[in-house]
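# Observations on chain architecture
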Amino acid sequence: MGDTATKSGGHVKTVVAAGEPPAIGLVGLSKTYGSVHGEVPAVRRLDLEVGQGEFFSLLGPSGCGKTTTMRMVAGFEVPTTGSVHLLGEDVTSIPAHRRDVNMVFQSYALFPHMTIFENVAFGLRRKAVSRSEVTSRVGQMLELVELGGMEKRRPGQLSGGQQQRVALARALVNKPRALLLDEPLGALDLKLRQSMQIELKRIQREVGITFVYVTHDQSEALTMSDRIAVMNAGVVEQLGGPREIYERPASRFVAGFIGTSNLLSGAVAKVVDGHAVIEPGDGQRVLVETTAAVVGEELELTVRPEKVRLSATKPDGDCCRILGDVTEVVYLGTSTSYAVRTDTGADMTVFLQNGSDASDVAERGDRVWLYWQARHSYPLTPVRPAEAAA
Amino acid sequence: MNRLRATLSPYFLVLPGGLWLAIFFVIPAVFMLSLSLQTGDVVSGFSPTWSFSNYTNAIGLYHTQLLRSLAYGLAATILAIVLAYPMAYWIAFHGGTRKSTYLLLMLLPFFVSFVLRTTAWSFLLSDNGILLAPLKSWGLLPADFHVLATAPAVVLGLTYNWLPFMVLPIYLALDRVDHRIVEAGRDLYAGRTAIFTKIILPLSLPGVFAGVIMTFVPASSDFVNSQVLGGTANTMIGNVIQSQYFVASNYPIASVLSFTLMALLLIGIFAYARALGTKDIMEAAAR
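Because the structure is a prediction, the values reported are computed rather than measured.

## Remarks on the overall build of chain A
Scanning chain A for helices and strands turns up ten helices and 21 strands. Seen through its C-alpha atoms, chain A measures out along the principal axes to roughly 80 × 50 × 45 Å. Relative to its full complement of 390 residues, chain A shows a buried share of 51%. Partitioning the contacts of chain A with sequence separation of at least 6, the portion at a separation of at least 24 is 68%. Accessible area of chain A: about 17,600 Å², with a carbon and sulfur share of 49%. Chain A carries 42 positive and 45 negative side-chain charges, and their two centres are separated by 8 Å.

Below, the structure written as structure tokens:
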């Protein structure tokens, strides 16, 4: 699924079709909370477009502003500056109960005094939809989330996973311009969460409604999303497809937050056809494709652990290669994880698949060469945009 | 041994309360029931004669006071709901960090004795008291206007005295309403009115239900308020029972009236629970 949405270079296909307004448009959106310690910015000048029918994730640690952003889209928070647009229409001043977006709450927030049917029918009844249409639409929606026959039960009689589905049906039945999901799977156990991820994706494809998914779980975001906005300290650090976010992290924060990544740095020794070269000595070298490198300046880069290989002898060719000592070997079943301390003092992690020929490649204490293709090293922006903006 | 302990422990827990009820409620009730069927007088003694005519006689004589008690109790209960609901709502949703302060403020007058408070009300409402005298001198009320010794005075007194028993359960129910559920309602196109009628009100009804029972029962059987505030024309059944017992020493009649009141209250509450049981009422409101 992720592959079809991305081109070979890892760049995301533009989901926003030309001439069609985006499902959600955020323009210069910010939110500042007043407190006894002064003004606390939660979201800073956010510009974002979510295309129609897109599965979009806001990913970040707690306190990064993702939930505040979503609550501003829903209408529960009034932005300090900026505006919210739905299908091109400015809805900033429209209160939550008249906004055509619906939300799936983290705690589900089902109405405990109503049956499942009445819970799902709540929004339609407020919009004065005819009785027969309510019955048929609620029925269809409960079928879609596989809760047919549960109409007469109450939320308290359902399991967590079932309540989750009711919350989803209750929002989706209104056919909103966008569905906002606030960490909806957070309360479920791992197995259920994984099956619900696939389930959510299927439902989103079937109904074709734009999903904005807020989560702090990077694997959840990578699995389901068409595009991800990684947020930190109130700004979007990187916006892109799952593959791009994972393989080409734009900042140290993104590299650290998503998966395991190795950080390397060194002074640029020379620049050769679009590649900056760092040479720590003894024939070691690291190449990074970049246009911004200046000889003599410090450059920071990242490389994912599964892209790196190990060798006892010096590898040939024009790949990146550095020397180090194996400090730890952890057998993980399908793969083995090696911790290597390089001569430059960096701690690197290497994942190697346990293939038929890949018997113990290295032991603890071995001196090894780490090598990888130059295209797998990515330069990190020296200063985070958040700091630059502040 | 452990299993025996597990089976018996609930009974041990209920034992103190059970004994209390048996000694101070069941035994007196049985005694009173037998007394209500006896005839005689306090000098020559009462004898058990199974005279059910006691009931027809007493009800025939005092049905006005019985019905008046229920009517006053009902009026006070309704008035208490009207006053208590907005109060509880405000404390629960707008009380912020000072909720317990506001609750304490409401309860503060009730640290003073019940009889004293009612007497204070008779001062307040007296014909030339601090409330009516200025209004009369400004010509806002006719000079012969009075509140004391009227039915409204009794109902106001009853309402005042049982208001906390209405506020507290309603407050507890409202305070338990999850703000995220209210937010979910807003998200699903419910405006202020719909939020209240479809979500907050139904979820607070168990509190109203408890408040009604805790107010209606003691208010209907009260005799202090009508004695202090009601004068002679507004006596309630409690006054009759009291005077039959302590003044006329007609124990059978006092017992008969006590049992009749108890039966009427029980019937009323069962009918109320049946007709407006919280489960049904919430289902109706959800539609």
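## With respect to the UniProt feature "domain: ABC transmembrane type-1" (unreviewed entry) in chain B
In the UniProt entry, the feature "domain: ABC transmembrane type-1" (unreviewed entry) is given for residues 66-272 of chain B. For residues 66-272 of chain B, the helix share is 76%, the strand share is 0%, and the end-to-end C-alpha distance is 19 Å.

## Looking at the packing of aromatic side chains
A complete count under the given rule lists 17 aromatic pairs over all chains for this structure. Taking NZ or CZ as reference, Arg304(A) lies 4.1 Å from the ring centre of Tyr246(A), over its face.

## Quick look at the interface of chain A and chain B
Taken together, the contact between chain A and chain B spans 27 residues of the former and 21 residues of the latter. Interface area for chain A against chain B, summed over the two sides, is near 2,200 Å², with a carbon-plus-sulfur share of 63%. Of all residues in chain A, His97(A), His113(A) and Arg126(A) bury the most surface against chain B, accounting for 29% of the area lost on that side. For Arg71(A), the salt bridge identified is with Glu183(B), shortest N-O distance 2.7 Å. At the surface where chain A touches chain B, the tally comes to six residue pairs in polar contact (both at pLDDT 80 or more). Secondary structure elements with two or more residues in the side of chain A that touches chain B: β6 (101-104) and α3 (116-126) of chain A. At five residues, the largest contribution of residues to the side of chain A that touches chain B is made by α3(A). Tallied by class, residues from the side of chain A that touches chain B come to eleven nonpolar, seven polar and nine charged.

## Quick word on the UniProt feature "transmembrane region" (unreviewed entry) in chain B
Residues and elements named next belong to chain B. Summarizing the sequence annotation, UniProt attributes the feature "transmembrane region" (unreviewed entry) to residues 12-37, 70-91, 103-125, 145-174, 195-217 and 253-273 in the numbering used throughout. Secondary structure content for residues 70-91 is 100% helix and 0% strand, and the end C-alpha separation is 30 Å. Taken end to end, residues 103-125 is 74% helix and 0% strand, and its two terminal C-alpha atoms sit 26 Å from one another.

## What about the nonpolar core?
One broad trend across soluble globular proteins is that nonpolar side chains are buried collectively. Counting 62 residues, the largest nonpolar core has Ile24(A), Leu26(A), Leu58(A), Phe111(A), Leu180(A) and Ile170(B) as its most contacted members. Top contributing element to this core by residue count: helix α8 (residues 192-220) of chain B, with eight residues. For Ile170(B), the residues in contact, after removing those within four places along its chain, are Ala84(B), Tyr85(B), Ala88(B), Gly207(B) and Val208(B). Membership of the second largest hydrophobic core comes to 37 residues, among which are Phe117(A), Leu158(A), Ala169(A) and Leu172(A).

## Considerations on the pattern of salt bridges
All names here are of chain A. A complete count under the given rule lists 24 salt bridges over all chains for this structure. Linking lysine 66 and glutamate 183 is a salt bridge whose minimum nitrogen-to-oxygen distance equals 3.6 Å. Of this pair, lysine 66 sits in helix α2 (residues 66-74) while glutamate 183 sits in the loop between β7 (178-182) and α6 (190-207), and the two are 117 residues apart along the sequence. In this pair, the class of lysine 66 matches that of glutamate 183, namely buried. Where arginine 252 meets glutamate 300, a salt bridge forms, and the shortest distance between an N and an O atom there is 2.3 Å. Of this pair, arginine 252 sits in helix α9 (residues 252-257) while glutamate 300 sits in strand β15 (residues 298-303), and the two are 48 residues apart along the sequence.

## What about the sheet that holds β15(A)?
The strand order across the open sheet formed by three strands is β11-β15-β21 (chain A), and the pairing between neighbours is antiparallel. Strands with a single pairing partner mark the edges of an open sheet, and in this sheet they are β11 (262-267) and β21 (378-379) of chain A.

## Points about the domain arrangement of chain A
All names here are of chain A. Structurally, chain A comprises domain 1 (2-100 + 176-256) and domain 2 (260-379). In this assembly, eight residues from domain 1 lie in contact with nine residues from domain 2. Summed over both partners, the interface of domain 1 with domain 2 buries about 860 Å², with 42% contributed by carbon and sulfur atoms. The largest contributions to the domain 1 side of the interface with domain 2 come from Tyr246, Glu247 and Arg252, which together make up 57% of the buried area. Counting every contact that joins domain 1 to domain 2 gives two salt bridges. Summed over the shared surface of domain 1 and domain 2, the number is five residue pairs in polar contact (both at pLDDT 80 or more). Elements represented by at least two residues in the side of domain 1 that touches domain 2 include exactly α8 (242-247) and α9. Considered class by class, the residues forming the side of domain 1 that touches domain 2 number four nonpolar, one polar and three charged.

Conventions adopted
- Residues numbered from 1 in each chain as written.
- Chains lettered and ligands numbered in written order.
- Predicted model: local features only at pLDDT ≥ 70, side-chain atom pairs only at ≥ 80, totals over all residues.
- Heavy atoms only, no water.
- Helix = DSSP H or I, 4+ residues; strand = E, 2+ residues; numbered from the N terminus.
- Buried < 20%, exposed > 50% of the residue type's maximum accessible area, 1.4 Å probe, protein only.
- Contact = heavy atoms within 4.5 Å.
- Areas by Shrake-Rupley, 256 points an atom, 1.4 Å probe, with all protein chains shown as cover.
- Lys, Arg positive; Asp, Glu negative; His and termini not counted.
- Charge placed at Lys NZ, Arg CZ, Asp CG, Glu CD.
- UniProt positions renumbered as here; feature names shortened; annotations may be inferred.
- Phe/Tyr/Trp six-rings, centres within 6.5 Å; stacked < 30°, edge-to-face > 60°.
- Lys NZ or Arg CZ within 6 Å of the ring centre and 35° of its normal.
- Buried area = accessible area lost by both parts, 1.4 Å probe.
- Salt bridge = Lys/Arg side-chain N within 4 Å of Asp/Glu carboxyl O.
- Polar contact = N/O pair within 3.5 Å; in protein donor to acceptor, adjacent residues only side chain to side chain.
- Nonpolar A, V, L, I, M, F, W, Y, C, P; charged D, E, K, R; others polar.
- Core = buried A, V, L, I, M, F, W, Y, C linked by side-chain atoms within 4.5 Å.
- Pairing = 2+ DSSP bridges.
- Domains from an automatic or database assignment.

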